[in-house]
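Listed below, chain by chain, are the residues.
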Amino acid sequence: MDFVSKIPVFLFKIKTSLLLALLIAFFYFSISGGAAFIPVREILGYSFSVYAPENSFLFIFVHESLHHLFENLFALLAYAIVIELALGAADVIAIFFISAIAAAFVYVSVHANAALLGASTGVMGLAAAAFFIDLKRALVLSIAMLALVYIIAVPVISTGVDAQKQNLESEKQQISGEIETAKSTGDVERQQVLEKRISVVKQQSTQIREGTEFADKTQTSNLAHGLGAFFGIAYLFIFRRGKFEKAAKDLHGILIGLLRIAGVVRK
């Protein structure tokens, strides 16, 4: 079986990881209306906090920017694939959502005024479990993921957002000129159509500006990420004890080998 014919087989093996990533992306663009940023009021409406416990599931699917979204998507894919190949589809779903939701509840119980959004707590649960279960594959996919995010995705997204800003500004100027022309010729109907168009363009510009400002102000919580990783390992210990014990022995062997190479432990 050649490489090309193996691709559909491999994609079928990791179908749950792909579907989960697509679901998160679909949710983002559904709320943003296909724009680069979700309106800030919508983000706040889906955030999870002690004041909005009903969002304990939905907050996972909301991200403050395309950068945030794609960083989480690529990381999710990398580590979910490791888990799906090593354990199974059900484990991908369970680790992701248990880690995300459990970490969120613990975090807001400590930081009552905090609000959480994004898939990163669930991703950290997958990451911790992936490194524990299959260190080599997790390392390889981590390198590939980082390369895709910071060499390709981030520059492309930044360029695209900047281009969208420039296009909207040019469109505003053009429509403003056409409105003045319509006014001078007394074409009221044309003026009304143009005013509706410029209103939409201004709204899109505002959405990008507010989204950029909100993303710049949003802070990453190392504690929330750490809690997500903890619950990922805890899942393995509770529900996958056999795999957990085998992986622990393998990691112990790797650690001893590294210490021997460093001269810390003698043979």
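So, how was this worked out
Residues numbered from 1 in each chain as written. Predicted model: local features only at pLDDT ≥ 70, side-chain atom pairs only at ≥ 80, totals over all residues. Heavy atoms only, no water. Helix = DSSP H or I, 4+ residues; strand = E, 2+ residues; numbered from the N terminus. Expected span 1.5 Å × (residues − 1). Buried < 20%, exposed > 50% of the residue type's maximum accessible area, 1.4 Å probe, protein only. Contact = heavy atoms within 4.5 Å. Salt bridge = Lys/Arg side-chain N within 4 Å of Asp/Glu carboxyl O. pLDDT = per-residue confidence, 0-100. Axes fitted to C-alpha atoms, helices over the stretch in contact; angles between N-to-C directions. Parallel < 35°, antiparallel > 145°, perpendicular 65-115°, else oblique. Nonpolar A, V, L, I, M, F, W, Y, C, P; charged D, E, K, R; others polar. Core = buried A, V, L, I, M, F, W, Y, C linked by side-chain atoms within 4.5 Å. Patch = residues over 30% accessible without salt bridge, like charges linked within 9 Å, V, L, I, M, F, W, Y side chains within 5 Å. Areas by Shrake-Rupley, 256 points an atom, 1.4 Å probe, with all protein chains shown as cover. Phe/Tyr/Trp six-rings, centres within 6.5 Å; stacked < 30°, edge-to-face > 60°.

1. Topic: helix H8 (residues 188-217)
An ideal rise of 1.5 Å per residue puts 44 Å on 30 residues; H8 measures up with 43 Å between its terminal C-alpha atoms. Those residues of H8 not exposed but buried are Gln191, Leu194, Ile198, Val201, Ser205, Gln207, Ile208, Gly211, Phe214 and Ala215. Looking at the packing, one finds that the buried side of H8 touches helix H2 (15-32), helix H3 (40-46) and helix H7 (135-185).

2. Quick word on the pattern of salt bridges
If the charged atoms of two oppositely charged side chains come close together, the side chains can form a pair. Taken as a whole and assessed by the stated rule, the structure comprises seven salt bridges. For the salt bridge of Arg137 with Asp134, the shortest nitrogen-to-oxygen distance reads 3.9 Å. By relative accessible area, which is 35% here, Arg137 ends up partly exposed. Glu180 serves as the salt-bridge partner of Lys183, at 4.0 Å between the closest nitrogen and oxygen. Here Lys183 and its partner Glu180 are both found in helix H7, three residues apart, which amounts to about one turn of the helix. Exposure remark for Lys183: the relative accessible area of 44% places this residue in the partly exposed category.

3. Section: the confidence of the model for the protein chain
In the predicted model, the protein chain carries a mean pLDDT of 93, and 98% of its residues have values of at least 70. Considering each helix and strand of the protein chain separately, the mean pLDDT is smallest for helix H1 (residues 3-13), with a value of 85, and largest for helix H6 (residues 120-133), with 98.

4. A few points about the packing of H2 against helix H5 (residues 89-110)
Taken N-terminus to C-terminus, the directions of H2 and H5 make an angle of 40 degrees; their axes are 9 Å apart at the nearest point. Between H2 and H5, the interaxial angle falls into the category oblique. Where H2 approaches H5, its residues Thr16, Ser17, Leu20 and Ile24 are matched on the opposing element by Ala89, Val92, Ile93, Phe96 and Phe97. For the contact of H2 with H5, the per-class residue count stands at seven nonpolar, two polar and no charged.

5. Here's the deal with the nonpolar core
Membership of the largest hydrophobic core comes to 71 residues, with the highest contact counts inside it found for Leu76, Tyr79, Phe96 and Leu236. Leu236 has contacts with Leu87, Ile95, Ala129, Phe132, Ile133, Arg241 and Phe244, leaving out every residue within four places of it along the chain.

6. Some points on a nonpolar patch on the surface
Residues Val4, Ile7, Phe10 and Leu11 make up a contiguous nonpolar surface patch of roughly 350 Å² in combined accessible area. Leu11 sits in the partly exposed class, given a relative accessible area of 40%.

7. Describing the packing of aromatic side chains
Summed over all chains, the structure comprises 15 aromatic pairs. Ring centres 5.7 Å apart and planes at 80 degrees place the aromatic pair Phe27 and Tyr46 in the edge-to-face group. A residue pair is termed long-range when its members are at least 10 positions apart, and Phe27 in helix H2 and Tyr46 in helix H3 qualify at 19 residues. Look at Tyr46 and you get partly exposed, because its relative accessible area is 23%.

8. Quick notes on the environment of Gln191
Mapped onto the fold, Gln191 is located in helix H8. For the pair formed by Gln191 and Ile175, sequence separation is 16 residues and the distance between their alpha carbons is 9.7 Å. Not counting the four nearest positions on each side in its chain, Gln191 is found in contact with Ile179, Ala182 and Lys183.

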